[in-house]
Amino acid sequence: MFSSYPHYDTVATGLALAIEIIGTLAFALTGIVIAARKRLDIVGVSMVCGLSAFGGGTLRDILLDRRPFFWVEHHQWLWVILALCVIAMIFFRSKDIELTEKMIQVPDALGLALFTISGTQIALVTGSPLLIAVLMGVMTAIFGGVLRDIACNEIPQAFTDHRPYAVIAFMGSWVYIGMEHWFMNEWLSSLIAFSTIVILRLFAIQFNIVIPSWMRK
Amino acid sequence: MFSSYPHYDTVATGLALAIEIIGTLAFALTGIVIAARKRLDIVGVSMVCGLSAFGGGTLRDILLDRRPFFWVEHHQWLWVILALCVIAMIFFRSKDIELTEKMIQVPDALGLALFTISGTQIALVTGSPLLIAVLMGVMTAIFGGVLRDIACNEIPQAFTDHRPYAVIAFMGSWVYIGMEHWFMNEWLSSLIAFSTIVILRLFAIQFNIVIPSWMRK
Amino acid sequence: MFSSYPHYDTVATGLALAIEIIGTLAFALTGIVIAARKRLDIVGVSMVCGLSAFGGGTLRDILLDRRPFFWVEHHQWLWVILALCVIAMIFFRSKDIELTEKMIQVPDALGLALFTISGTQIALVTGSPLLIAVLMGVMTAIFGGVLRDIACNEIPQAFTDHRPYAVIAFMGSWVYIGMEHWFMNEWLSSLIAFSTIVILRLFAIQFNIVIPSWMRK
């Protein structure tokens, strides 16, 4: 996470923390949306919401054998998730579902970028080979959603919707690694890779881009 | 587990061991029931049955980075599970499914209480914050069933049936923590929290109680 | 893996390496087949393909707390998987699906035998009890497929198709343990158990054998 670099100046730290909060909330909201569609109860909503927000990072940490998990170290986040779920169950209506989906596209792109880069960084720090670090970055970003969809008995959206989401995370993670190799500066590399992912993602949404599919039937 | 405290007197230890056996068998039987409905083969029945019985504790131990797992340390249990599955496949008929579901409600409530409290205790011993300990208690109790349902291609019952099950585990786990803070006595706190969970659960079944749902469509 | 025993003569090592490559590719191809049926996108195809090939060993290693994973240590395999997926998406047609399923039966049997025995060996080396070692062997062989099917929103084929697959792995793993106890020779035991599994599996396919099912409705 950006927020754990004490030598950043205060503005950058504050900005990074804000992005982290926005990204986590956006990921949590994607869980609320599918939980609302499936009419889950408060237990299901909370678990699916928590999976969306923290599942990717938790899986990465299990694979890298890292502890404590983010949600154990910052367990006050769990109260935020729980409150979000209760509020959603009280105030959410059908028309809010689509509105939420539309509104979270930008925050979700920020989360995609942040979690990809932080996942890549964490894997590099633990000495992973480059390709593994990229894979860990992608998994941090997408496996919250994958676990969310599996728990809701759906084929994961990231596996089947032919939209560039994980693909952009994959490219952005390589951009980060290339920049870091080139500039030897973690902060600048993060910034460039972060912007690349956000811009590509918003571009893909705006122009409704799909990735190549099976060539023949 | 209660049974691992050598300083308990023999009656309490015997009672706790009995509850552990009853609870584990009840959880295993919930796996048999769904496996029978789905007409799984012996491999599927055994795996789903084992997931139901040991999945929650195993997930908790992976998250807390504890080894060995219960079913590795007490691997004779795996033969019990396997025998149970073979017997079920030979003698189980459709009408037995509903009968079993009705008969395991009380043992299942005992298992819910036992696994919640033992999960909470184990998490506290490893130094988890209170909320994390509660979450680990709840996950120990419900994630066997969650993994069982996911393996059978269903939305987990604990996420969607609007019955107080995980919610009671959540409350009971806080009762345990409160009592332990108050009385400074693990044994007495366990007893009170255990009774609370069992009574609330049987009460909820008896009076067909549902938890609040989405307020609006 | 056989290939990690440096004292084997070169022919045996080469043979074992060849089997490892063939087995891993066969497991990967089962992922391609189901991903093609579900029309997944490149992300889904790659992930499902990777799960099929490496999921069983990864789960075993998480349960045994072993690191690094096979695919982290040999990450060039990930490029092979990715290339395989891209090629499949370009050239695969509907009629190729059934052809592939038929063609991979023999390689898949080799993979079944290899992963069962290597899983059993690895669990024994880490000091697991015999039954746990057998279970780890079986899980190494079948849980790639189980995770593949869960990710594709299907009941795992290994749980429901009433074909002897995991059952043969179970028997073969015991054969390995018995032979090793008898002959005190890892190489000879591996060879006998490997042949047993492959022969039983091909026999079962050839004669369309099913395992006993639920006795009554």
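In the block above lies the structure referred to throughout.
To keep things clear, this report deals only with the structure shown in the data block.

### Focus on the overall build of chain A
So, step 1. Of regular secondary structure, chain A possesses 10 helices and zero strands.
So, step 2. On C-alpha atoms alone, chain A measures out to a radius of gyration of 17 Å, which is about the 17 Å that the 2.2 N^0.38 rule sets for 217 residues.
So, step 3. Along the longest, intermediate and shortest principal axes, the C-alpha atoms of chain A span 50 × 50 × 30 Å.
So, step 4. The buried share of chain A, taken over its 217 residues, is 53%.
So, step 5. Excluding contacts between residues fewer than 6 apart, the proportion of contacts in chain A whose partners are at least 24 apart in sequence is 68%.

### Digging into the interface of chain B and chain C
So, step 1. Residue-level contacts link 24 residues of chain B with 25 residues of chain C.
So, step 2. Elements represented by at least two residues in the side of chain B that touches chain C include exactly helix H2 (42-64), helix H4 (76-91) and helix H7 (130-151) of chain B.
So, step 3. For the side of chain B that touches chain C, the leading source of residues is H2(B), giving six residues.
So, step 4. Considering only residue class, the side of chain B that touches chain C consists of 15 nonpolar, four polar and five charged.

### Some thoughts on the nonpolar core
The nonpolar side chains of a soluble globular protein tend to be buried with one another.
So, step 1. Formed by 225 residues in total, the largest nonpolar core has its most connected members in A:Val48, B:Val48 and C:Val48.
So, step 2. With residues up to four places along the chain from it excluded, the contact list for B:Val48 reads B:Gly31, B:Ile34, B:Ala35, B:Leu40, B:Arg148, B:Ala151, B:Cys152 and C:Phe159.

### Remarks on the relation of the copies chain B and chain A
So, step 1. Superposing chain B onto chain A takes a rotation of 120 degrees combined with a translation of 0.0 Å along the rotation axis, leaving an RMSD of 0.0 Å. Classification of the inter-copy transformation places it as that of a three-fold axis. Among all residues of chain B, the minimum C-alpha distance to the rotation axis is found for B:Asn153, at 3.7 Å.

### Description of the packing of helix H2 (residues 42-64) of chain A against helix H4 (residues 76-91) of chain A
Relative orientation and spacing of two packed helices are given, respectively, by the angle between their axes and the distance between those axes.
Residue and element names in this part refer to chain A.
So, step 1. Contact pair H2 / H4: the axes reach a minimum separation of 9 Å and the direction vectors enclose 130 degrees. If you check the angle between H2 and H4, you find them oblique. Handedness of the crossing formed by H2 with H4: right-handed. Counting all contacts with H2, which are made through Ile42, Val45, Ser46, Cys49, Gly50 and Ala53, the residues of H4 involved are Ile81, Leu82, Leu84, Cys85, Ala88 and Met89.
So, step 2. Residues that form the contact of H2 with H4 fall into these classes: 10 nonpolar, two polar and no charged.

### Re the relation of the copies chain B and chain C
So, step 1. Here chain B sits on chain C after a turn of 120 degrees about the axis and a move of 0.0 Å along it, with an RMSD of 0.0 Å.
So, step 2. Mapped onto chain C, only 12% of the interface residues of chain B are again interface residues, and the two copies thus contact each other with different surfaces.

### Points about the interface of chain B and chain A
So, step 1. Facing 25 residues of chain B, the contacting portion of chain A comprises 24 residues.
So, step 2. Elements that contribute at least two residues to the side of chain B that touches chain A include exactly H7, helix H8 (157-160) and helix H9 (166-183) of chain B.
So, step 3. When residues in the side of chain B that touches chain A are grouped by element, the largest group, four residues, is from H7(B).
So, step 4. For the side of chain B that touches chain A, a count of residues per class yields 15 nonpolar, five polar and five charged.

### Let's talk about the environment of C:Ile19
So, step 1. Examined against the element boundaries, C:Ile19 turns out to sit in helix H1 (residues 10-37).
So, step 2. Not counting residues up to four positions away in its chain, the partners in contact with C:Ile19 are C:Leu110 and C:Leu114.

### Examining the environment of A:Arg60
All names here are of chain A.
So, step 1. Within the secondary structure, Arg60 sits in helix H2.
So, step 2. On the neighbour-count criterion, Arg60 (25 C-beta atoms within 10 Å) is buried.
So, step 3. Considering only alpha carbons, one finds Arg60 and Gly119, 59 residues apart in sequence, at a separation of 7.6 Å.
So, step 4. Not counting residues up to four positions away in its chain, the partners in contact with Arg60 are Gly119, Met136, Met139 and Thr140.

### Overview of helix H10 (residues 186-206) of chain A
Two residues of an α-helix separated by three or four positions point the same way, owing to the 3.6 residues in each turn.
Residues and elements named next belong to chain A.
So, step 1. Taking 1.5 Å of rise per residue, 21 residues should cover 30 Å, and H10 covers 30 Å from first to last C-alpha, within 8% of that figure.
So, step 2. Here H10 has its buried residues at Ser189, Ser190, Ala193, Phe194, Thr196, Ile197, Val198, Leu200 and Arg201.
So, step 3. Residues of H10 that are buried make contact with helix H6 (105-125) and helix H9 (166-183).
So, step 4. Immediately beyond the C-terminal end of H10, within one or two residues, lies Asn208, with a positive phi of roughly 55 degrees.

### A few points about helix H7 (residues 130-151) of chain C
Residue and element names in this part refer to chain C.
So, step 1. Relative to the 32 Å expected for 22 residues at 1.5 Å per residue, H7 spans 31 Å between its end C-alpha atoms, a close match to the ideal helical length.
So, step 2. At Ile142, H7 shows its strongest bend, of approximately 45 degrees.
So, step 3. Most of H7 sits inside the fold, with 20 of its 22 residues counted as buried.
So, step 4. At the exit of H7 stands Asn153, carrying a positive phi of roughly 60 degrees.

### A short note on unusual backbone geometry
So, step 1. Residues B:Arg67 and B:Pro68 are joined by a peptide bond in cis, for which omega reads -5 degrees.
So, step 2. Within the secondary structure, B:Pro68 sits in the loop between H2 and helix H3 (70-73).
So, step 3. The phi dihedral of A:Met184 is positive, around 55 degrees, even though this residue is not glycine.
So, step 4. Of note, B:Asp65 is a non-glycine position whose phi angle comes to about 60 degrees, a positive value.
So, step 5. Relative to the helices and strands, B:Asp65 is located in the loop between H2 and H3.

### Describing the environment of C:Gly14
So, step 1. With respect to the helices and strands, the residue C:Gly14 is situated in helix H1.
So, step 2. Of the residues examined, C:Gly14 has 12 C-beta atoms within 10 Å and is grouped as exposed.

Rules and cut-offs
- Residues numbered from 1 in each chain as written.
- Chains lettered and ligands numbered in written order.
- Predicted model: local features only at pLDDT ≥ 70, side-chain atom pairs only at ≥ 80, totals over all residues.
- Helix = DSSP H or I, 4+ residues; strand = E, 2+ residues; numbered from the N terminus.
- Rg over C-alpha atoms; globule rule 2.2 N^0.38 Å.
- Buried ≥ 20, exposed ≤ 12 C-beta atoms within 10 Å, placed from the backbone.
- Contact = placed C-beta atoms within 7 Å.
- Nonpolar A, V, L, I, M, F, W, Y, C, P; charged D, E, K, R; others polar.
- Core = buried A, V, L, I, M, F, W, Y, C linked by C-beta atoms within 7 Å.
- Least-squares fit on C-alpha atoms with pLDDT ≥ 70 in both.
- Axes fitted to C-alpha atoms, helices over the stretch in contact; angles between N-to-C directions.
- Parallel < 35°, antiparallel > 145°, perpendicular 65-115°, else oblique.
- Left-handed = near helix turned anticlockwise from the far one by under 90°.
- Expected span 1.5 Å × (residues − 1).
- Bend = angle between axes of the 7 residues up to and from the residue.

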